Amino acid sequence: MQSSQVSSIPLPALRGWHPGEQAVQAIIHLPERVAITAIVDRLPEQHRIFHTSRLHFLPVATLDQQGRPWASILCSNDGMPNFISSPTDASLTVKAHLWPGDPIIQNFRSVQLHHEKPPLISGIGLEVLTRRRNKFAGHISDVSFRDLDVDLTLAVTQALGLCPKYINIRSLMPFHGVSPRVIYERFNLGDGDRLPDDVIAFIHAADTAFLSTSYVAAQEDENTYPSRLGINHRGGRPGFVRVRPSDGKTLVLPNYAGNRMMNSLGNIHTTPVAGIVFPSFSTGSILHVTGNAATLYGASARTLMPNVNAVSTIYVTGFSFVENAIPLRETGQTERSPYSPPAYYLAEETPPSVSFADITVSLIRTRVLNDTLATLTFGTSQPLNIHPTQNCVLELSEFLRKRSHTLLDWEEDKSTVNDDCVRTWTVSTLPTSDAPCTFSVTMRSIKGGLITPILHRLARSADPQLTGKHIDVAEMNVCARLRGIGGDLPVPEPLAACDGGRRLLWIAGGIGLTPFLSLTRHVAHLAARGYGVWDVTLVLSTREPEVMLGMIQDAFMDMSSDKIGGRQSPPDLMFFIHIFSPRQLELPWSFPPFVSLIPHQGRIDDDGTLFSSVDAKIREPHICGPLPFVLKAMKSLQAAGVDAERVKRERFTY
């Protein structure tokens, strides 16, 4: 990181959503899911480490002299990381090598550093192998050139962690055979001009893009909602971005549900221009585009792109296409995001005759756990291979729009019209060799939500006495489409005693327990068969201790009811549960002999006392829960001397 400065605590960067973001949130009747305080005024320590050590490339947004945003990709000259440093928690320096045809060259050379309003910039750090991503925004404080080498100093005023949902996983390696060749450089495109056919084909083959937008504040809003640039990742299956055949220059981007902040759409609403860059990591080619932008909603969107409730369009006013420019190449196959739907086609296009066939799932059992929690068990049309901690992505539009109205009395309103009906839940019970077409999820009915309250109502209607038993509901005929299986956290493999065994630390906040349920079954299954030595500590913070402990009991049920491998209690498994709740826990609880339950009243401390007592420094830590819980747990872990880079984290923000 090349800095000895100790980071201060990040504070909220903004006073509220700007007028464009507010307008879009109102248009789609979106309840607020992420607080504005998630955007902080400097780089958290983890962001600084990430940007300075993990990135092979850095997408950024800049403005040209016409006020049009362009998206570019900065790299070192050899494609290696470590071309970014962070002298302070409010600054980044970038030493990049540019290529001919990149609009950022003229944008940088035209900046006025000492102007009353310094030139704006935004960037997004994205590691495609792990899907880690963090965004920043601010202004350029210094820039200097040596031919095509540029030294850039950025003042960071905003930082934010982003939704990873549509990032396709790929492995990148430096490529030393680049020889950039400008194919097209038309920074100003006439109204009657079309994009060349090879450029359109390049867009239709892309599965990754970065969208740059601009918010120019009205004079009366500048102090409260200052002007800024934004850049966000856009991803999907190849062909997810379409070009209108009628004019050959209007790009159409379907808007998939993401972090629900509406930054990009809000910017476009207020300042209707946008840029987009399409990188190819297989050939090194890159396409830069800018133009006039608009977003269509509801019926207007579906008229242009059927089955999509929100689309953004970019009417191209300038573009540049360069071959063999990016000093990176992907190795191996790309793993598509399980969240990405099949590519949608425009009404004026003829879609291919063969479409992607997703797996069908049917709801076969429900179990009501309490007033908000329920376990749903699904049967699938074909066997599934799901690993512990993974999640399922279900598309439930047929259920919501039709079947749910037959089963329950409820009416849709404006808030439901633009919902894509795609939901993600962690799989709590995995398919097995005996039941390869069955899995379960445990979900919470979200206040103000749409689908989870309806599913919870269905489960309650099947068990009106609230017995807590599994109820057969196959006759309800509730079906969905399985978009995919997600989650890329590594599953712990067994280690023998001579190798030290596994010492795991799982930290769960509320329903963040669910990935640890499948992990518990995984570890117990291995230990029962004599594979590895396991020392597991689970730290759980919850307002519903009885329900959560009941789910943990279920995870051990197979072990406690039957002798597996001839052993009732595996000699090489120790499992400690530290449970924190607001009230005193009612004891005793019945767990297998190798499980120790340690109740605590109150919350997890933030000074590292608990984590020091469980030897967190020599364990493998993994956190799952809502963002405030994750942040507090991280603070306590670091106070106990745990290296933050070693902590695997999942958060239920989106």
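Here the structure is a predicted model, which means the values were calculated and not measured.

What counts as what
For every chain, the first residue of its written sequence is number 1, and the numbers climb from 1 along that sequence. Local features in this predicted model are restricted to residues whose pLDDT is 70 or higher, and side-chain atom pairs enter the listing and the counts only when it is 80 or higher, whereas totals over whole chains, interfaces and linings include all residues. The basis for the side-chain values is all heavy atoms of the structure; hydrogens and waters are excluded. Here a helix means four or more residues in a row that DSSP labels H or I, a strand means two or more in a row labelled E, and each is numbered from the N terminus. Residue contacts follow a heavy-atom distance rule, with two residues in contact if any of their heavy atoms lie within 4.5 Å. Think of it this way: a Phe, Tyr or Trp ring, Trp meaning its six-membered ring, pairs with another when their centres are within 6.5 Å, and the plane angle makes it stacked under 30 degrees, edge-to-face over 60, tilted otherwise. A simple rule labels every residue: compare its accessible area, found with a 1.4 Å probe on the protein chains alone, to the largest value its type can have, and call it buried under 20%, exposed over 50%, or partly exposed in between. In what follows, a disulfide is any cysteine sulfur pair within 2.5 Å. Grouping buried Ala, Val, Leu, Ile, Met, Phe, Trp, Tyr and Cys residues that are joined through side-chain atoms within 4.5 Å yields what is termed a nonpolar core. What the arc describes is the spread of directions from the helix axis to the C-beta atoms. Whenever two N or O atoms come within 3.5 Å, that pair is a polar contact, provided that in protein one can donate a hydrogen and the other can accept it, and provided that, for residues adjacent in sequence, both atoms are side-chain atoms. For two strands to count as paired, DSSP must find a minimum of two bridges between them. Note on definitions: angles span 0 to 180 degrees between N-to-C directions of axes, and those axes are lines fitted to C-alpha atoms, for helices only across the stretch in contact.

Undergrad: Tell me what's going on with the environment of Ile-124, and back it up with residues and numbers.
TA: By the element assignment, Ile-124 lies in strand β5 (residues 120-127). Taking the C-alpha atoms as reference, Ile-124 lies 9.5 Å from Ala-159; in sequence the two are 35 residues apart. Beyond its immediate chain neighbours, meaning those up to four positions away, Ile-124 contacts Leu-58, Pro-59, Asn-134, Lys-135, Phe-136, Leu-162, Phe-210, Ile-231, Asn-232 and His-233.

Undergrad: Pulling in residues and values, what's your account of the packing of aromatic side chains?
TA: Taken as a whole and assessed by the stated rule, the structure comprises 13 aromatic pairs. Between the aromatic rings of Trp-506 and Phe-575, the centroid separation amounts to 6.0 Å while the plane-to-plane angle is 70 degrees, which identifies the pairing as edge-to-face. In this pair, Trp-506 sits in strand β25 (residues 502-509) while Phe-575 sits in strand β27 (residues 573-581), placing the two residues 69 residues apart along the sequence. On the basis of relative accessible area, Trp-506 is assigned to the buried category, the value being 2%. Look at Phe-575 and you get buried, because its relative accessible area is 1%.

Undergrad: Please provide a residue-by-residue account of the state of the cysteines, values included.
TA: Scanning all chains against the criterion turns up zero disulfides. Cysteine Cys-421 is unpaired, with the sulfur of Cys-479 as its nearest cysteine sulfur at 15 Å. Residue classification places Cys-421 among the buried positions, given a relative accessible area of 1%. Here Cys-437 stays free of any disulfide, with the sulfur of Cys-479 as its closest cysteine sulfur at 14 Å. Judged by its relative accessible area of 25%, Cys-437 falls in the partly exposed class.

Undergrad: Describe in detail the nonpolar core, supporting the description with residues and values.
TA: If you look at the biggest cluster of nonpolar residues, it comprises 38 residues, and the most contacted ones within it are Leu-195, Ile-203, Leu-251, Ile-276, Phe-278, Leu-287 and Phe-319. For this core, the secondary-structure elements that each account for two or more residues are α4 (197-205), β10 (208-215), β13 (250-254), β14 (273-279), β15 (286-297), α6 (299-304) and β16 (310-323). The element contributing the most residues to this core is β16, with five residues. When sequence neighbours within four positions are dropped, the list of residues in contact with Phe-278 reads Phe-202, Ile-203, Ala-206, Thr-208, Ala-209, Val-241, Leu-251, Ser-285, Ile-286 and Leu-287.

Undergrad: Run through α4, naming residues and quoting values.
TA: Residues of α4 that are buried: Val-199, Ile-200, Phe-202 and Ile-203. Taken end-on, α4 shows its buried residues confined to a sector of 155 degrees, consistent with a single buried face. Opposite the buried face of α4, at more than 90 degrees from it, the exposed residues are Asp-197 and Ala-205. Contact partners of the buried residues in α4: β9 (181-186), β12 (242-243), β13, β14, β15 and β16.

Undergrad: Describe the side chain of Asn-168, listing the residues and the values that go with them.
TA: Mapped onto the fold, Asn-168 is located in the loop between β7 (149-161) and β8 (169-174). Looking at Asn-168, its side chain comes within polar contact range of the main-chain oxygen of Asp-207, at 3.2 Å. Within the structure, the side chain of Asn-168 is placed 2.8 Å from the backbone nitrogen of Ser-337, a separation counted as a polar contact.

Undergrad: An account of the sheet that holds strand β4 (residues 91-97) is requested, with residue identities and associated values reported.
TA: Spatial strand order, β2-β1-β5-β6-β7-β4-β3: seven strands in an open sheet with antiparallel pairing. The two strands at the open ends of the sheet, each matched to only one other strand, are β2 (69-74) and β3 (84-85). Examined bridge by bridge, β5 and strand β6 (residues 132-146) share eight bridges and lie antiparallel to one another. Bridging from a neighbouring strand, Gly-123 pairs with Phe-136 of β6. Where helix α2 (residues 45-53) meets the sheet, it contacts β3, β4, β5, β6 and β7, and its direction lies at approximately 60 degrees from that of β6.

That's the geometry; what it means functionally is another story.
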